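Now for the letters of each chain:
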Amino acid sequence: MEKFFSQSQEYLPFLFQGVTYTILVMLCAFALATGLGLILAFMRVSGIVPLAWVARTVIVVVRGIPGLVTLYYIYFVFPDFGIALTAVQAAIIGLGIAYSPYMAEIFRAGIEAIDRGQTEAALSIGMHWGLVMRRVVLPQAVRVALPPYGSTMVMLLKDSSLASTITVADLSLQGKLLASSTFENTTVFTLVALIYLAMSLPLTAFNSWLERKLRRS
Amino acid sequence: MSVIELKHVRKSFGTHEVISDVSFSVEPGEVVCIIGPSGSGKSTLLRCINGLETYQGGEIIVHGESVDATKSRIRGIRTRVSMVFQRFNLFPHRTALENVAEGPIYVKKEPRAEVYARSRELLARVGLGAKMDAYPAQLSGGQQQRVAIARALGMNPDAILFDEPTSALDPELVGEVLSVMRSLADEGMTMVVVTHEMGFAREVADRVLFLDGGVLVEQGSPDEVLGRPQNARTQDFLRRVLPA
């Protein structure tokens, strides 16, 4: 135990360098996945058949491909088509795309959970579609979507470790490098696991707080 | 000019025709009650008037403008013809006051302060001056429906469509909603009311329409339609709904 603590002091600064990338990739990919997910969800509920069909196809295709393969594809295959991205850019875009179908389905479920009468009442006072969504449907859908949305955020935090496979020096890659140079597997990977956990707990707490706040209003 | 005019309106869901060749008009200040058995197309007809449903034949004209739910101009018509729903459909995440102010502020872009002042007056007028800041879940059904009426009035409409406004209410709450509607009628509001409340129709309506199977079977003054119905289907319906 004493050894663990003394080694920790030595290893943590190196691991924390990786934390920066983990947080960067996670937050950017999450924002991208949220944006893409919202667009896909709006397309699906738009009532415009071709749009809904395109969205459904994108969701099925992207969801059927492992995130790891999506990352490989963007990082290793795109350059063949003249699109060369840095590892961090590829990780953010890849994870953002890979997570967008889940986001889309979460948002769609939230939107569809809202009673049809709400939309009708909003239309009946002359609102256009965008206003119906912004003022009436989405504020209510958020409450329905928030719990799965929060879990997805935690999942994405953990899956950001996939970025290490395309050379992003995130927490997991730093851990692997450290472990292979020191052979202190137990200490290093315990620390890596604890740091991931320490990052996910505030996310979970933030979500519970937000849910409580929304339920009150 | 009529506020609302229907000319030979037809509507079908698939092959099933739910409204067959219905024509009538509503004049300014008139209260028209539409009665008839469940499934007779009453609510559908009402929903066609403000474009919540499309129709396949004939024409609906509101203030000289043809109603077409697929065109964006329908929004202008909806601001002039408000709707009150059977299940209230208040926005649950907004207070009573915000529900009333929503349309004027966000659709008609009227100044906030004016809208809130007017919305407060409207809520007071429907007897909810003390409940301005309550959320719909904190209100009884009758109170919610009165907020919904205030919301409809907030748009300063030329006419209000009521879709069975008391059917979802507990019996003891029906009276408070009907009395608000009665006072609106007295003040000259143009109203089209789909209802099962024969007493209300008899006292308040200028004209009663009896719809059965999507067909406008009979229309006339309450005395004529409810008192001396000419058509066998009207007679049969009234025998079933009116206490002997």
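Note that the structure is a prediction, hence the values are computed from the model and not measured.

> Describe the overall build of chain A, naming the residues involved and giving the relevant values.
Each helix and strand in chain A was counted, giving eight helices and zero strands. Listing the helices and strands of chain A from first to last along the sequence gives α-α-α-α-α-α-α-α. Dimensions of chain A along its principal axes, counting C-alpha atoms only, are 70 × 50 × 20 Å. Counting across all 217 residues of chain A, residues that qualify as buried make up 45%. Counted over contacts in chain A with a minimum sequence separation of 6, partners at least 24 positions apart contribute 78%. As presented, chain A carries roughly 11000 Å² of accessible surface, and 69% of it is formed by carbon and sulfur atoms. Across chain A, the centroid of the 15 positively charged side chains sits 12 Å from that of the 11 negatively charged ones.

> Report on the interface of chain A and chain B, specifying residues and quantitative values.
Across the boundary between the two partners, chain A contributes 19 residues, which contact 21 residues of chain B. Between chain A and chain B, roughly 1800 Å² of surface is buried when both sides are summed, and carbon and sulfur atoms account for 59% of that area. Together, S124(A), I125(A) and R135(A) form the three largest contributors to the area buried by chain A at its contact with chain B, with a combined 35%. Where chain A packs against chain B, one counts two salt bridges. Two residues, E120(A) and R47(B), come together in a salt bridge whose shortest N-O distance is 2.6 Å.

> Explain the UniProt feature "domain: ABC transmembrane type-1" (unreviewed entry) in chain A to me, using residue names and the numbers behind them.
Here, the residues flagged by UniProt with the feature "domain: ABC transmembrane type-1" (unreviewed entry) are residues 19-207 of chain A. For residues 19-207 of chain A, the end-to-end C-alpha separation is 21 Å, with 81% helix and 0% strand making up the annotated structure.

> Can you lay out the UniProt feature "domain: ABC transporter" (unreviewed entry) in chain B for me, pointing to particular residues and giving the numbers?
UniProt marks residues 4-238 of chain B with the feature "domain: ABC transporter" (unreviewed entry), using the numbering shown here. Structurally, residues 4-238 of chain B is divided into 38% helix and 26% strand, and its ends, taken at the C-alpha atoms, are 27 Å apart.

> Requested: an account of the UniProt feature "transmembrane region" (unreviewed entry) in chain A, with residues and values cited.
Residues and elements named next belong to chain A. As annotated by UniProt and renumbered to match this structure, "transmembrane region" (unreviewed entry) occupies residues 20-41, 53-75, 81-100 and 188-210. Regarding residues 20-41, the helix share stands at 100% and the strand share at 0%, and the terminal C-alpha atoms are separated by 31 Å. Spanning residues 188-210, this segment combines 100% helix with 0% strand, and its end C-alpha atoms are found 34 Å apart.

> Which residues make up the pairing of strand β3 (residues 31-35) of chain B, and what are the values?
Residues and elements named next belong to chain B. Burial within β3 is extensive, with five of its five residues counted as buried. Pairing between β3 and strand β8 (residues 190-194): four bridges, direction parallel. Among the inter-strand pairings, C33 is bridged to a residue of β8, identified as V193. Pairing analysis gives four bridges linking β3 to strand β9 (residues 207-212), with the strands arranged parallel. Directly across from C33, in β9, lies its bridge partner V208.

> Tell me what's going on with the pairing of strand β1 (residues 4-13) of chain B, and back it up with residues and numbers.
Each regular strand shows side chains that alternate between the opposite faces of the sheet. All names here are of chain B. Pairing between β1 and strand β2 (residues 16-26): seven bridges, direction antiparallel. In the sheet register, L6 faces β2, and the bridge partner there is F24. Following β1, the chain reverses through two residues before pairing antiparallel with β2; G14 in that reversal takes a positive phi of roughly 65 degrees. Sheet topology places β1 next to strand β4 (residues 57-62); five bridges connect them, and they run antiparallel. Counterpart to L6 in the pairing with β4 is I60.

> If you had to explain the packing of helix α5 (residues 116-124) of chain A against helix α6 (residues 129-159) of chain A to someone new, which residues and values would you point to?
Residues and elements named next belong to chain A. Where α5 meets α6, the closest approach of the two axes is 10 Å, and the angle between their N-to-C directions is 160 degrees. It follows that α5 is roughly antiparallel to α6 by the angle criterion. When you trace α5 past α6, the crossing you get is right-handed. Residue-level contacts link Q118, T119, A122 and L123 of α5 to V132, V136, V137 and Q140 of α6.

> Any chance you could break down helix α5 (residues 141-154) of chain B for me, citing the residues and the numbers?
All names here are of chain B. For α5, with 14 residues, the first-to-last C-alpha span of 20 Å sits near the 20 Å given by 1.5 Å per residue. For α5, the buried fraction is high: 14 of the 14 residues fall into the buried class. One or two positions beyond α5, positive phi appears at N156, with a value near 50 degrees.

Here is what the cut-offs are and how they apply
- Residues numbered from 1 in each chain as written.
- Chains lettered and ligands numbered in written order.
- Predicted model: local features only at pLDDT ≥ 70, side-chain atom pairs only at ≥ 80, totals over all residues.
- Heavy atoms only, no water.
- Helix = DSSP H or I, 4+ residues; strand = E, 2+ residues; numbered from the N terminus.
- Buried < 20%, exposed > 50% of the residue type's maximum accessible area, 1.4 Å probe, protein only.
- Contact = heavy atoms within 4.5 Å.
- Areas by Shrake-Rupley, 256 points an atom, 1.4 Å probe, with all protein chains shown as cover.
- Lys, Arg positive; Asp, Glu negative; His and termini not counted.
- Charge placed at Lys NZ, Arg CZ, Asp CG, Glu CD.
- Buried area = accessible area lost by both parts, 1.4 Å probe.
- Salt bridge = Lys/Arg side-chain N within 4 Å of Asp/Glu carboxyl O.
- UniProt positions renumbered as here; feature names shortened; annotations may be inferred.
- Pairing = 2+ DSSP bridges.
- Axes fitted to C-alpha atoms, helices over the stretch in contact; angles between N-to-C directions.
- Parallel < 35°, antiparallel > 145°, perpendicular 65-115°, else oblique.
- Left-handed = near helix turned anticlockwise from the far one by under 90°.
- Expected span 1.5 Å × (residues − 1).

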